[in-house]
Amino acid sequence: MNLFKRLLCTARRKSPWIFHLNSGSCNGCDIEFLTCLSPRYDVEQLGIHLEGSPKHADILCVTGPVTKNAAEALRTVYGQVSHPKAVVAIGSCPATCNVFADSPSIDGPLNKHIPVDVFVPGCPPRPDAIIEGIARAAQILAEGKATVGTEEDSSL
Amino acid sequence: MNLNHLLRELFLPGLLVALPVAWFILWIERKVTAMVQQRIGPPFMQPFWDFVKLLGKDVPSRPGLDGALTRLWPILSVGSMLGAISLLPVAPRTSGFAGDLILLIALLEMPSICLVLAGFTSRSLFGQIGSAREAVSSVCYSLVFMAALVTIAASQHTFCLPDLASGAITPMRCLGIIAIVICIPAKLHMNPFSMPNAEQEIYAGPLTEYAGAELALWELAHGLEWVAMTGLVASLVIPQTGSLGLDLLLFSGVALGLVVLLAGTAAATARITMDISVRFYARFGLLMAILALASGLLTRLKH
């Protein structure tokens, strides 16, 4: 492995930029997610930075069970994050649809639409757990083991 | 230009010095913000890791002229900033030519123009809103910035940077330096003048569509802009002692103090609206312009 590749691996682990996407969450997970970014938890120590545009991000943090309205937007935003990228599913909803399962307006779970690398279970999960999930996703990016989506997704 | 001169241009304060200094200033900016918010903040190497990581990311391919222009703007920004930094009279030296102040002003304006064009080239709605805001704010602060530099130049009777730097401190010069410092937050899109790249409000402003290495260049251009602006103020503020070591120490001290002051102000203030910003710079600009004109006329009458 040459020097630049080694540097790049360290950089990917130390500089995970995240983009937050709500795909129909009840807002419980969103409140916990925003708490992570507050001075109390100080995620900047791990290099985590919330980005305004999905094109700048490395890790897509998704909350919510994926409503039918949100499914298309979800795939578009996933396609806009440039490679290499990872997805963190925050809460029980993206993993299993939780209490919204079998609802006619839900088209979940999340991994039906995009590949998910880390699941953070909980309803809602604690901020510590969310930060650990993001750190694991960063590690996955550094090791180059992130699940790659289809060509259609990446060409969006 | 002999080899010695070339080496000096490259190293002091050329590319090899400017890059680490730019990353260091970006780190100080984030660290000061963290300290104001009672956090620990990012590790020392964070801006460097961010840069390397962005270099390793895919860049979306855009065909034709759009793609070429999109790649051109960040390169032009970084290039012009490196040029501006190499013009700064960091240590007493004989280089510099008559009128290099005018070239410096032109080079310092380049990133702003490139940012406006980048937003419009991206054809993103958020990019265009950001570009429009940047264009308006650029017109406002540039008036004050140029009036301030003209005031300083008129009070010293020269447009040559090394002569300006070694000139005496006059009240007119102090006023000019204060005006330049007030322009820096708007020039660097920092709070309270962060309307053009208003994070989250208009996604990422003109840079919404940028990714990977192109975004890395924009981040670098921002860091280099910091170096150029703080360097300009520091070179105008410090008296030249004749000793290279002492000069460099004073220069670094003043530049660092300025970074801490501006980053602290940015962390402690909220984003203001466009009309308040325009009004602020219009009033201030008028005052500065009158002062510049008056000083110019007075010095002409005196001789």
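Look above for the structure.
Residues numbered from 1 in each chain as written. Chains lettered and ligands numbered in written order. Predicted model: local features only at pLDDT ≥ 70, side-chain atom pairs only at ≥ 80, totals over all residues.

S.K.: Would you explain the overall build of chain B in this entry?
M.R.: Along chain B, the regular secondary structure elements total 11 helices and zero strands. The linear arrangement of helices and strands in chain B, starting from the amino end, is α-α-α-α-α-α-α-α-α-α-α. Along the three orthogonal principal directions, the C-alpha set of chain B runs to about 60 × 45 × 45 Å. Expressed as a percentage of its 303 residues, the buried residues of chain B come to 48%. Considering only residue pairs separated by 6 or more positions, chain B has 80% of its internal contacts joining residues 24 or more positions apart. (Helix = DSSP H or I, 4+ residues; strand = E, 2+ residues; numbered from the N terminus. Buried ≥ 20, exposed ≤ 12 C-beta atoms within 10 Å, placed from the backbone. Contact = placed C-beta atoms within 7 Å.)

S.K.: Can you help me understand the packing of helix H2 (residues 15-36) of chain B against helix H9 (residues 212-237) of chain B in this one?
M.R.: When two helices pack together, their arrangement is captured by the angle between the axes and the distance separating the axes. Residues and elements named next belong to chain B. At a minimum axis distance of 8 Å, the contact between H2 and H9 shows a crossing angle of 90 degrees. When the axes of H2 and H9 are compared, the pair comes out roughly perpendicular. The segment H2 lies against H9, with Ala18, Val21, Ala22, Trp23, Ile25 and Leu26 engaging Leu220, Gly223, Leu224, Trp226 and Val227. Here the contact of H2 with H9 is built from residues that sort into 10 nonpolar, one polar and no charged. (Axes fitted to C-alpha atoms, helices over the stretch in contact; angles between N-to-C directions. Parallel < 35°, antiparallel > 145°, perpendicular 65-115°, else oblique. Nonpolar A, V, L, I, M, F, W, Y, C, P; charged D, E, K, R; others polar.)

S.K.: Looking at this structure, how should I read helix H11 (residues 274-302) of chain B?
M.R.: Note: α-helices contain 3.6 residues per turn, so residues at a spacing of three or four share the same orientation. If you check H11 of chain B, its first and last C-alpha atoms are 41 Å apart, about what 29 residues at 1.5 Å a residue would give, namely 42 Å. Buried residues along H11 of chain B sit in contact with helix H6 (125-156) and helix H8 (171-187) of chain B. (Expected span 1.5 Å × (residues − 1).)

S.K.: Would you explain the nonpolar core in this entry?
M.R.: The nonpolar side chains of soluble globular proteins are, as a tendency, buried together. All names here are of chain B. Counting residues in hydrophobic clusters, the biggest one holds 90 residues, and the most contacted among them are Ala22, Ile85, Val144, Ala148, Leu224, Val227 and Ala228. The element that contributes the greatest number of residues to this core is H9, accounting for 15 residues. Dropping the residues within four chain positions of it, Val144 is found in contact with Ala179, Cys183, Tyr281, Phe284, Gly285 and Met288. (Core = buried A, V, L, I, M, F, W, Y, C linked by C-beta atoms within 7 Å.)

S.K.: So what exactly am I meant to see when it comes to the interface of chain B and chain A here?
M.R.: Frequently, the measure chosen for interface size is the accessible area removed from exposure when the parts meet. Taken together, the contact between chain B and chain A spans 27 residues of the former and 17 residues of the latter. Contributing elements (two or more residues each) for the side of chain B that touches chain A: H2, helix H3 (46-55) and H9 of chain B. In terms of residues, the side of chain B that touches chain A owes the most to one element, H3 of chain B, which gives five residues. Counted by class, the side of chain B that touches chain A contains 11 nonpolar, eight polar and eight charged residues.

S.K.: Hey, could you run me through the pairing of strand E3 (residues 59-63) of chain A in this one?
M.R.: A regular strand places its side chains so that they alternate between the two faces of the sheet. Residue and element names in this part refer to chain A. Where burial is concerned, most of E3 is hidden: five out of the five residues are buried. Judged by which residues are buried, E3 turns out to be covered on both faces: Ile59, Cys61 and Thr63 on one side and Leu60 and Val62 on the other are all buried. Relative to E3, strand E1 (residues 17-22) runs parallel, the two being bridged by five bridges. Bridge pairing in E3 links His20 to Cys61. Pairing analysis gives five bridges linking E3 to strand E4 (residues 86-90), with the strands arranged parallel. By the bridge assignment, Leu60 is partnered in E4 with Val87. (Pairing = 2+ DSSP bridges.)

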